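Summary of structural features
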Amino acid sequence: MPETYWMNGGDSNYSYVLNSTMQRDGSVNVKGMIEKVILDRLDVTHLLSNSNTFYVADLGCSVGPNCFISMQNVIEAVKRKYQMSKTEAYKVPEFQVFFNDTSCNDFNTLFTSLPSQKQYFAAGVPGSFHGRLFPESSLHFIHSAHALHWLSEIPKEVVDSNSAAWNKGRIHYAGANEQVGKAYSAQFAKDFEVFMNARAKELVVGGMMTLLVFGIADGISLSAFPAGFLFNFLGWSLMDMAKEGLVSEDMVDSFNLPIYTPCPKEIGELVGRNGSFSIERIEITPFGWTELSAHSCVLHLRAAFEGLSSKHFGSEVVDEWFARTDEKGREFSSQFESALKEATQIFIALIRK
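Cut-off values and rules
- The residue count restarts for each chain, going from 1 along the sequence in the order it is written.
- This being a predicted model, a pLDDT of at least 70 is required before a residue's local features are given, and a value of 80 or more before pairs of side-chain atoms are given or counted; all residues contribute to the totals for chains, interfaces and linings.
- The basis for every side-chain value is the complete set of heavy atoms in the structure, and neither hydrogens nor water enter the calculation.
- Under the DSSP-based scheme used, a helix requires at least four consecutive residues in state H or I and a strand at least two consecutive residues in state E, with every element numbered from the N terminus.
- The globule rule used here is 2.2 Å times the number of residues to the 0.38 power, and the radius of gyration it is set against is calculated over C-alpha atoms.
- The classification of residues rests on relative accessible area computed with a 1.4 Å probe and restricted to protein chains. Under 20% of the type maximum is buried, over 50% is exposed, and intermediate values are partly exposed.
- Computed with a 1.4 Å probe, the accessible areas rest on the Shrake-Rupley method; for each residue, only the protein chains presented here act as cover.
- In this tally, Asp and Glu contribute negative charge and Lys and Arg positive charge; neither His nor the terminal groups of the chain are included.
- Taken as the charge centre is NZ of Lys, CZ of Arg, CG of Asp or CD of Glu, depending on the residue.
- Think of it this way: DSSP has to see at least two bridges between two strands before they count as a pair.
- Note on geometry: axes are lines fitted to C-alpha atoms, helical ones only across the stretch in contact, with angles between N-to-C directions running from 0 to 180 degrees.
- Pairs of residues are marked as contacts when any of their non-hydrogen atoms sit within 4.5 Å.
- The reported arc concerns the directions from the helix axis to the C-beta atoms and nothing else.
- For salt bridges, the criterion is a side-chain nitrogen of Lys or Arg within 4 Å of an Asp or Glu carboxyl oxygen.
- Roughly parallel here means an angle under 35 degrees, roughly antiparallel means over 145, roughly perpendicular means 65 to 115, and every remaining angle is called oblique.
- In this scheme the handedness of a crossing depends on how the near helix is turned from the far one: anticlockwise by less than a right angle means left-handed, clockwise means right-handed.
- Here the term charged refers only to Asp, Glu, Lys and Arg, the term nonpolar to Ala, Val, Leu, Ile, Met, Phe, Trp, Tyr, Cys and Pro, and the term polar to all other amino acids, Gly among them.
- To define a nonpolar core, start from buried Ala, Val, Leu, Ile, Met, Phe, Trp, Tyr and Cys residues and group those joined through side-chain atoms within 4.5 Å.

Within an unreviewed UniProt entry, the label attached to the chain reads S-adenosylmethionine-dependent methyltransferase, and the organism entered is Erythroxylum novogranatense.

Some words on the overall build of the chain
Helix and strand content of the chain: 12 helices and 7 strands. For the chain, whose C-alpha radius of gyration is 20 Å, the value lies close to the compact-globule estimate of 20 Å for 353 residues. The C-alpha extent of the chain, read off along each of the three principal axes, is 75 × 40 × 35 Å. Out of the 353 residues in the chain, the part that is buried amounts to 55%. Put simply, the chain shows about 15,000 Å² of open surface, and 50% of that area lies on carbon and sulfur atoms. Positive and negative charge centroids in the chain, built from 30 and 40 side chains respectively, lie 7 Å apart.

Regarding the pairing of strand E4 (residues 139-145)
Summarising burial for E4: 7 of the 7 residues are buried, a large majority. Inspection of the sheet shows strand E1 (residues 53-59) paired to E4 by 3 bridges, in the parallel sense. Within E4, the residue paired with Ala-57 across the bridge is Ile-142. When E4 meets strand E5 (residues 203-215), the two strands line up parallel, connected through 6 bridges. By the bridge assignment, His-143 is partnered in E5 with Thr-210.

Looking at the sheet that holds strand E2 (residues 94-101)
Sheet strands pair via backbone hydrogen bonds, and the direction of the pair is either parallel or antiparallel. Strand order across the open sheet formed by 7 strands is E3-E2-E1-E4-E5-E7-E6, with mixed pairing between neighbours. Two strands in the sheet have a free side with no partner beyond their single neighbour: strand E3 (121-126) and strand E6 (277-286). The average undirected angle you get between the axes of adjacent strands in this sheet is 15 degrees. Each of E4, E5, E6 and strand E7 (344-352) is contacted by helix H1 (residues 21-29), which is oriented at about 130 degrees to E5, the strand it contacts most. Sitting on the sheet, helix H4 (residues 66-85) is in contact with E1, E2 and E4, with an inclination near 150 degrees to E2.

A few points about helix H9 (residues 264-274)
Along H9, the residues that are buried comprise Pro-264, Glu-266, Ile-267, Leu-270, Val-271 and Asn-274. Down the axis of H9, the smallest arc covering the buried residues is 160 degrees, so these residues share one side. Opposite the buried face of H9, by more than 90 degrees, sit the exposed residues Lys-265, Gly-272 and Arg-273. On its buried face, H9 sits against helix H6 (178-202), E6 and E7. Looking at the residues trailing H9, positive phi occurs at Gly-275, about 80 degrees.

Quick notes on the pattern of salt bridges
Evaluated as defined, the whole model comprises 17 salt bridges. For the salt bridge of Glu-202 with Arg-199, the shortest nitrogen-to-oxygen distance reads 2.8 Å. Taken together, the residues span about one helical turn, with Glu-202 and Arg-199 both in helix H6 at a distance of 3 residues. Assessed through its relative accessible area of 0%, Glu-202 is described here as buried. Here Asp-240 and Lys-328 are joined by a salt bridge, their closest N and O atoms 3.2 Å apart. Within this pair, whereas Asp-240 is found in helix H7 (residues 228-243), its partner Lys-328 is found in helix H11 (residues 315-331), the two being separated by 88 residues in sequence. For Asp-240, a relative accessible area of 28% corresponds to the partly exposed category. You can call Lys-328 partly exposed: its relative accessible area is 24%. By sharing partners, the salt bridges in this structure join Arg-132, Arg-199 and Glu-202 into a single network.

So, the packing of H7 against H11
Where H7 contacts H11, the axes come no closer than 9 Å and their chain directions differ by 120 degrees. Judged by the angle between their axes, H7 and H11 are oblique. Our pair here, H7 against H11, has a crossing hand that is right-handed. Packed against H7, whose contacting residues are Phe-233, Leu-234, Ser-237, Leu-238, Asp-240 and Met-241, the element H11 presents Val-317, Glu-320, Trp-321, Phe-322, Arg-324, Thr-325, Lys-328 and Gly-329 at the interface. The residue inventory of the contact of H7 with H11, partitioned by class, reads 7 nonpolar, 3 polar and 4 charged.

A few points about the nonpolar core
Phe-192, Met-209, Leu-211, Phe-305, Phe-313 and Trp-321 are the most contacted members of the largest nonpolar core, which has 78 residues in total. Aside from chain neighbours lying at most four places away, what touches Phe-192 is Leu-148, Leu-211, Ile-267, Leu-270 and Val-271. Residues Val-78, Phe-99, Ala-145 and Ala-349 belong to the second largest nonpolar core, which totals 34 residues.

And the structure:
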């Protein structure tokens, strides 16, 4: 079974609702790409030949509000394509959107914040996208934004002291030896294969899947991607605490962030290996982030990683960890801003063969 990760729920100062503007900006930045690929490549007339309901799934939706923006963008583009291609034989379709995330996700916050003027019926589907979630050939469109970088589990080698990939003194592969990076890459390949096999079953022939993934450009070293500075910075704060006896080094050595950032070539090869999808578009794009302060970045990291880290270290250690990171981050604000400005994402659009 895959590990269960979740973003901070509710609407507190450390919640994902208040600290996910970076992800929002990344989604907004590809709105035009999603619209174009739908208008150019999605055959809605064929997809709606046997049904007047268009079924959409958002995988890894978290607690909002970003998923609502993404779903509205998709639906508006599908409606526009329908209006361009409709005949008298077809009625205006209705839309059913399935919001998916792990069972620990704060679905209460998600559904209490649903837009009042939404143009779709909404339902929640708990479970990991590292496996099947829907009946066979039941979906017309799948979208996932900033979720596939989460691995189903930490590569076992990186926490094994007898392995060449043991990641002692670090919490991520950024800056680590080559074997650590290879272990992460292999785990991502396995997870992506499982993901693609599941989606190939759930999506109808001719259906579309759009993915937005934290990523790096082809040819960039795994250890050199910009966001790696942020993860290393978290690790340095944690190791400082270990040196002061506030947390054991063994606890630190057994903790690694289950985050992997692939490159377009890597994604393309994995899609080709699966064989069930044609690649309609794949490219690296900037995030276009507008909020670049070190403090806001630490809040974003806490919203994403607090649940995972509290489970491992306990809430008191995590409070101290992020407080120190926030304080120290102000001294390195220029490095934070540089890392964020250089960060990139991969946009992928696929059609089910």
